[in-house]
Amino acid sequence: MEDMGDYRLDRDPRIKLSIGLYRGDADGEFDNPLGLVFDHHRGLLLVADTSNHRVQVFSCDDDDGASFVSKFGEKGSQPGQLLNPWGLAIDHDHDCILVLDRLNNRVQVWSLSEQSFLSCIGHQGSRDLEFHNPVGIAIDKHHHRIIIVDRNNHRLVFLSSIDLSFLFSVGGKQGSRPGEFSYPSGIAIDHDRHRIIVCDTFNYRVQVLSSIDGSFLFEFGSQGHQPGQFKYPQGVCIDNQGRIIVADFSNRRLQAFTHEGHHISSFD
């Protein structure tokens, strides 16, 4: 029987390359990959292979496509082990990659060049340097901060990128008022405008905050299926023109917005 994955990939001209055709735990195979980040300095793609409890590293070359390079992490709760890793972020200033070790409720730091374990912080809770289901992470290079989406605590946690010390948090009480969250997920930094963009998932909206102090600036979106509306938005990024791209999860589409939150287009 012909594999439907092969069928689609061979005949879809939009797809330049594909990594990992089968579900599994061999090198280059995945089980629920849920996070990824690209190392522009080295041309490497790092993927959180969530249900395999590891991070896989691939080389992305325009001529040869993508090839498996290495992997790190294994299932467990000891330092250097992972349990359902999710969000990834690269800190080139400190030559490290930060991994949200989601079900261990902590952040792990690995050397980017050596891919060796360096340190970890956090455990389950709601106090400083405690987390409950951390899923999103971003680095604010202008203010030397790491921002973590602490999903089940309904907040953003701000850490120093220098020593991972706790700075402050925003939110912490589930709600729908400005600056409050209900199970937030995706996060992105608009460095040019010093803003934080957050998918406030169960409030069916995107909130825009100041990256200086985390104060609320504005929001956009509401529950629904129409353009500019959301059903559980999960992921967000900023493109080269400053447009906000939102992964509208349960509506099965991407939506693009201006930096002011005005709807531009949808990609079903």
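All of these numbers come straight from a predicted model, not from anything done at the bench.

**Some thoughts on the packing of aromatic side chains**
Going through the model one piece at a time under the given rule, you end up with eleven aromatic pairs. Consider the rings of F72 and W110, whose centres lie 4.5 Å apart with planes at 35 degrees: the pair is tilted. Taken as a pair, F72 in strand β4 (residues 65-72) and W110 in strand β7 (residues 106-111) lie far apart in primary sequence, 38 residues in all. In this structure, F72 and W110 share a single accessibility class: buried.

**Some words on the pattern of salt bridges**
Under the counting rule described, the total for this entry stands at 14 salt bridges. As a salt-bridge pair, D239 and R243 come within 2.5 Å of each other at their nearest N and O atoms. In this structure R243 comes out as partly exposed when scored by relative accessible area, which is 34%. One salt bridge connects R253 with D248, and the closest N-O pair in it is separated by 2.8 Å.

**Some words on the confidence of the model for the protein**
Put simply, the protein has an average pLDDT of 92, and 92% of its residues get 70 or more. Low pLDDT (under 50) marks residues 1-7, which in the prediction has seven contacts with non-local residues, meaning those over four places away or in another chain.

**Remarks on unusual backbone geometry**
Despite not being glycine, H154 has its phi angle at roughly 55 degrees, a positive value. Mapping H154 onto the fold places it in the loop between β10 (145-150) and β11 (155-160). For H154, a relative accessible area of 8% puts it in the buried group. Its identity is not glycine, yet Y183 carries a phi of approximately 50 degrees, on the positive side.

**Considering the sheet that holds strand β19 (residues 253-257)**
Taken in spatial order, the four strands line up as β17-β18-β19-β20 in an open sheet, and their pairing is antiparallel. Strands at the two margins of the open sheet, each flanked by one partner only, are β17 (233-238) and β20 (263-267). Sheet twist, expressed as the average angle between the axes of neighbouring strands with direction ignored, equals 20 degrees. In this sheet, strand β18 (residues 244-248) lies alongside β17 in antiparallel orientation, the contact comprising five bridges. Residue pairing for β18: C237 is matched across the bridge by I245.

**So, the sheet that holds strand β16 (residues 216-220)**
With antiparallel pairing, the four strands of this open sheet are ordered in space as β13-β14-β15-β16. The open sheet has two edge strands, β13 (187-190) and β16, and neither has a second partner. Averaged over all neighbouring strand pairs, the angle between strand axes comes to 20 degrees, with direction disregarded. Sheet topology places strand β14 (residues 195-200) next to strand β15 (residues 205-210); six bridges connect them, and they run antiparallel. Pairing of D200 across the sheet is with R205, part of β15.

Rules of the game
- Residues numbered from 1 in each chain as written.
- Predicted model: local features only at pLDDT ≥ 70, side-chain atom pairs only at ≥ 80, totals over all residues.
- Heavy atoms only, no water.
- Phe/Tyr/Trp six-rings, centres within 6.5 Å; stacked < 30°, edge-to-face > 60°.
- Helix = DSSP H or I, 4+ residues; strand = E, 2+ residues; numbered from the N terminus.
- Buried < 20%, exposed > 50% of the residue type's maximum accessible area, 1.4 Å probe, protein only.
- Salt bridge = Lys/Arg side-chain N within 4 Å of Asp/Glu carboxyl O.
- pLDDT = per-residue confidence, 0-100.
- Contact = heavy atoms within 4.5 Å.
- Pairing = 2+ DSSP bridges.
- Axes fitted to C-alpha atoms, helices over the stretch in contact; angles between N-to-C directions.

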